[in-house]
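# Chain and residue survey
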Amino acid sequence: MTSRLDPPAAAGSRPANRFRQSGLKARHLRAHILVVAWLVLALPAATAQQTLPVARWLAIHLFLLGAATTAIVVWSEHFAVALLHAKLPGERGSDARLAAVNLAVAGILTGVWADLPVLIGVACALLVGAITAHLVVLVRMGRGALGGRLAPIVGFYRVTAAALVVGAVLGWMAATGHAGPGDYAGLRLAHIHVMLLGWIGLPVLGTLFMLWPTVLGVRMAERTTKMARWVLALTGGGLAVVVAALAAGWHWAAVAGVVMYAVGVGVAVELFVRTVRRRRPISTAAACTLGAATGWLVAGVIADAAILATGSLAEAPDGIDSLVLVWLVGFVAQVLIGALTYLLPIVLGTGPGERAGLRAVLERGWPVRLATLDTGVALLALPLPGPAGAAGMLLAAASGVTFLALTVRVLARGAGRGGEGGSSRRPVLLGSAVGVVLTVLAVMVANSGGTNGSTAAAGAGNGVATVTRTVDVTLADMRVQPGRIEVPEGTGLKLKVINKDAQRHDLKVEGGPATPLLSQGQSRVLDVGPVTRNRAAWCTLPGHRAAGMTLDIVVKTGTGETTAEHDRQMPMAGGSGGPDLTADFSHGWKARGASLDPVAGGTVHRIELHAVRRTIEVAPGVKQRMWTFGGTAPGPTLHGKVGDVFEITLVNDDPTMGHGIDFHAGSLAPDQAMRTLQPGQRLVYRFRADRAGAWLYHCSTAPMLQHMGNGMYGAVIIDPPGLAKVDHEYVLVSSELYLGTPGSVAQVAKMRQGTPDAWVFNGTAAQYATTPLKATAGQRARFWVVAAGPSDGISFHLVGTVFDTVYKEGAYLLKPGQAGGSQVLDLAVAQGGFVETTFPAAGHYSFVDHDMRHAEAGAMGMVEVSK
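Computed from a prediction, not measured in an experiment: that's the story for all the values here. (Residues numbered from 1 in each chain as written. Predicted model: local features only at pLDDT ≥ 70, side-chain atom pairs only at ≥ 80, totals over all residues. Heavy atoms only, no water.)

### Section: the environment of Met173
Threshold: Secondary structure counts use DSSP, requiring at least four H or I residues in a row for a helix and at least two E residues in a row for a strand, with both numbered from the N terminus. Only protein chains enter the area calculation, which uses a 1.4 Å probe; residues under 20% of their type maximum are buried, those over 50% are exposed, and those in between are partly exposed.
Locating Met173 in the fold gives a position in helix 6 (residues 154–176). Accessibility expressed as a relative area gives 21% for Met173, which makes it partly exposed. Taking the C-alpha atoms as reference, Met173 lies 8.9 Å from Gly121; in sequence the two are 52 residues apart.

Here is the structure:
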């Protein structure tokens, strides 16, 4: 039998098409408009590279999650109806599912871009619900349908839908920091595999069972149905194994799952190879392009297995990220080119002669184009120096652009042909034309910034400069050096950017090119083009621009003011008033316990801390997204004795940035212990507490002002030898509160200017005014105080009492029995100590930072003393 993609018969030779009668064609056109819309959005994001903090992620997901998802939902339902001879699903239901999918995708993309976890969660739930409903429809179609030889191929579409459901859940967990202890790297890898090999790979592979023999012009092999079942079992089963294994951190099980998937692909390829030997294809160009695409799928899966087998899961992401390029350009883009080479002449032509003529145009120079494209993909895939990657992208882009030019020519001929039936097809053809162009461009451009090494990025300058100047630019220590470049007007400027920092950075030129994220030692050349006006450049990572990672490019003879232009692009956030401390806290809110837990038994204390983002109520009715150790700001208080050993396992569960840790209580070389951990990494920080005191710990990653100012700090209490017992022992960590989006220009400006929205004890303004500490008259209390800053110290005072014991920075300044007393414990930033007092009578004893600006803005509390 022949495939269902055969050209239509002449008018009158077959019954009226039920898809046309049902209005499905118009519905598909509307769906294609959505596809085109996603691709239109993908192009500026891809072209911008990393102008947005998540630009490359956004470009890829606009293409795959937006455009590809819409297309797969529409066509998997269409093909399922055709292959199963099933009834058409209800129009309202189909439209509702498609609308829900697109609404969910929009929510996910917006949520990740704007860092809105609630929106991400709601959108992922909506996507899961819509795709589950789509899966139910595909399953119900098989019940009572006539079926046919190709019915097993629908199984690919069902597994595909299940893969997206899993991928959405994994993506939600990765994007919102719910990966669990140390699982971020494996979770991200699982997400990549289920989306690329499952949601994208499986429907393409299943469709090739139909498309391949159609392109060859042969009947399907008798064993096609049986082989399709085997391939689905192997690829679907292997995918399930690899995703579960990666999510659980089972290294070799993940390798086995990829190998199983590869075997399934190999079975399909063997069938395709046997089919091609039977006769010359209808379109040799289409057949060879589809064959090459399948070859890149095979190569990518084999390389995937090798990467997972030869390194740990923590090391795998870099290698897997490079494979994304191979799969998108080598596999997805070539499948599109091959399919369109065959299908466009059939759709546009009215007879064999015209189809042959259109096919001849599309196949013009195809051997050279195919060799150029695949050579480019090979250069991108292989671990070659940076210039090879640039050459590879140029070759792949050149081949793609050439095909697009031929496609436009064919479409123009078809659109202008007129005649019977021409006008009715013209909207679909024009929509297809735009979709084709944007699809291939989006695939190519979305990955053009993903290669490593020193490659050139073209600027947007006009004309040709008479003089070109190349300037070395260094990214290090949260600065761009030099910070200012002056050039005569019209001078061509190239920036040779190298990152010498342990953190990854990039550099974006205003209205011009941008580097990808550069790891330590990596470089990139940016061709800014002729400089005719003042421009700025900056690192696009959240908070880095505000921290000072900027570069001014100044025209010597220009009159523009770069600094003013820069400020206009970064407006400060509104009002000077802080939170309303007289308001009520939210229902269910609980104050942080201030009591110091006793020292745990033993001399070795093992603690696991997770760097995570959490939304915390930081003032009455005010919730703020915080960067935390252990989900609280400040992090948990550690307590020990002199000589105790602390073994801290730090796990970075923040999916978007690196974090480290610095314990002031320990003495050790900072190079390794305080290094920055990338998402998913962990380290063990071991130190011996040789000295007593109230110590600070905080994030060691630059810019520390932002990491500490957003909640990444805590206290370590090491008791002095012979410390007397008291009735109550409290820990109060003082700090400043800066409201606003973490890392935003407005928030960082407040940090740099020293104008917080509030001052707080233990992370929340006025919490102990609402929930007082408790004591009884005549009882003795010890208050440990640590000034976390990051910029202001504290003058701790307890109204109505006199301190008879003062211990500051490892030494007693006052002990009981001495004649003197103390009224405050004054601490500079990062200092710590304790004071002791006895409450003389029942009453309400306020404690404050005696800098009244701080007290009146939240650094206050109450001890409620009963009789």
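### Some points on the pairing of strand 11 (residues 622–629)
Put simply, the test is: One bridge is not enough; two strands pair if DSSP finds at least two bridges between them.
For strand 11, the tally of buried residues reaches six of eight residues, placing the bulk of the element in the interior. Counting the residues that bridge the hairpin from strand 10 (residues 604–619) to strand 11 gives two residues, and of these Gly621 lies at a positive phi of roughly 75°.

### Observations concerning the packing of aromatic side chains
Using the following cut-off: Centres within 6.5 Å are what make two rings of Phe, Tyr or Trp a pair, Trp counting through its six-membered ring; a difference in plane orientation under 30 degrees is then read as stacked, over 60 as edge-to-face, and the rest as tilted. By definition here, charges over rings are those cases where NZ of Lys or CZ of Arg is within 6 Å of the ring centre and within 35 degrees of the ring normal.
In this structure the tally under the stated criterion is 22 aromatic pairs. The interplanar angle of 45° and the centroid separation of 6.3 Å between the aromatic rings of Tyr768 and Phe847 together place this pair among those described as tilted. Of this pair, Tyr768 sits in helix 20 (residues 767–770) while Phe847 sits in strand 27 (residues 843–849), and the two are 79 residues apart along the sequence. Each member of the pair, Tyr768 as well as Phe847, is classed as buried. An aromatic cluster of at least three residues, connected via ring pairs, comprises Tyr730, Phe761, Tyr768, Phe783, Phe796, Phe803 and Phe847. In this structure, Arg782 is placed above the aromatic ring of Phe834, and the distance from its NZ or CZ to the ring centre is 5.2 Å. Positioned above the aromatic ring of Tyr812 is the side chain of Lys815, whose terminal nitrogen or guanidinium carbon lies 4.7 Å from the ring centre.

### Notes on the nonpolar core
Using the following cut-off: Working definition of a nonpolar core: buried Ala, Val, Leu, Ile, Met, Phe, Trp, Tyr and Cys residues. They are joined through side-chain atoms within 4.5 Å. Contact criterion: two residues are considered in contact whenever any of their non-hydrogen atoms come within 4.5 Å of each other.
Among the nonpolar cores identified, the biggest contains 107 residues, and Leu127, Ile131, Phe209 and Leu239 are the most heavily contacted of them. Top contributing element to this core by residue count: helix 7 (residues 184–216), with 19 residues. Not counting residues up to four positions away in its chain, the partners in contact with Ile131 are Val73, Val101, Ala161, Leu164, Val165 and Trp199. Core analysis: the next-biggest nonpolar cluster, separate from the first, contains 39 residues, Phe687, Ala689, Ala694 and Ala715 among them.

### As for the pairing of strand 17 (residues 713–719)
With seven of its seven residues buried, strand 17 lies for the most part within the structure. Side chains Tyr713, Ala715, Ile717 and Asp719 project from strand 17 onto one buried face, and the interleaved Gly714, Val716 and Ile718 project onto a second face that is buried too. Where strand 12 (residues 638–641) meets strand 17, four bridges bridge the pair, whose relative direction is parallel. Its bridge partner lying in strand 17, Leu638 is registered against Val716. Relative to strand 17, strand 16 (residues 693–698) is paired through six bridges, and the arrangement is antiparallel. Bridged to His698 within strand 17 is Tyr713.

### Things to note about helix 8 (residues 224–248)
Put simply, the rule reads: An expected span of 1.5 Å times one less than the residue number is assigned to each helix.
For helix 8, spanning 25 residues, the distance from its first C-alpha to its last is 35 Å, which sits close to the expected 36 Å at 1.5 Å a residue. Remark: Gly249 follows helix 8 within two positions and exhibits a positive phi of approximately 80°.

### Quick word on helix 13 (residues 366–381)
Where we set the bar: Directions from the helix axis toward the C-beta atoms define the arc.
Over its 16 residues, helix 13 extends 22 Å from the first C-alpha to the last, a length consistent with the 22 Å expected when each residue adds 1.5 Å. Within helix 13 the residues assigned to the buried category are Trp366, Arg369, Leu370, Leu373, Asp374, Gly376, Val377 and Leu380. Here the buried residues of helix 13 occupy an arc of 150° about the axis, which is enough to place them on one side.

### Re the confidence of the model for the protein chain
Where we set the bar: pLDDT: the predictor's confidence for each residue, scored from 0 to 100.
For the protein chain, the average pLDDT comes to 80, and 80% of its residues sit at 70 or higher. Scored below 50 in pLDDT, residues 1–23 shows 36 contacts in the model against residues more than four places distant or in partner chains. pLDDT under 50 marks residues 558–576. Its contacts with residues more than four places away, or in other chains, come to 22 contacts.

### What to know about the side chain of His605
The test is simple: Here a polar contact is recorded for every N or O atom pair within 3.5 Å, except that within protein the pair must consist of a potential hydrogen donor and a potential acceptor, and residues adjacent in sequence are included only if both atoms are side-chain atoms.
Looking at the secondary structure, you find His605 in strand 10. Engagement of the side chain of His605 in a polar contact is seen with the side chain of Asp644, the distance being 2.8 Å. Each residue touching His605, except ones within four places of it in the same chain, is listed here: Val599, Ala600, His639, Gly640, Asp644, Val645, Phe646 and Glu647.

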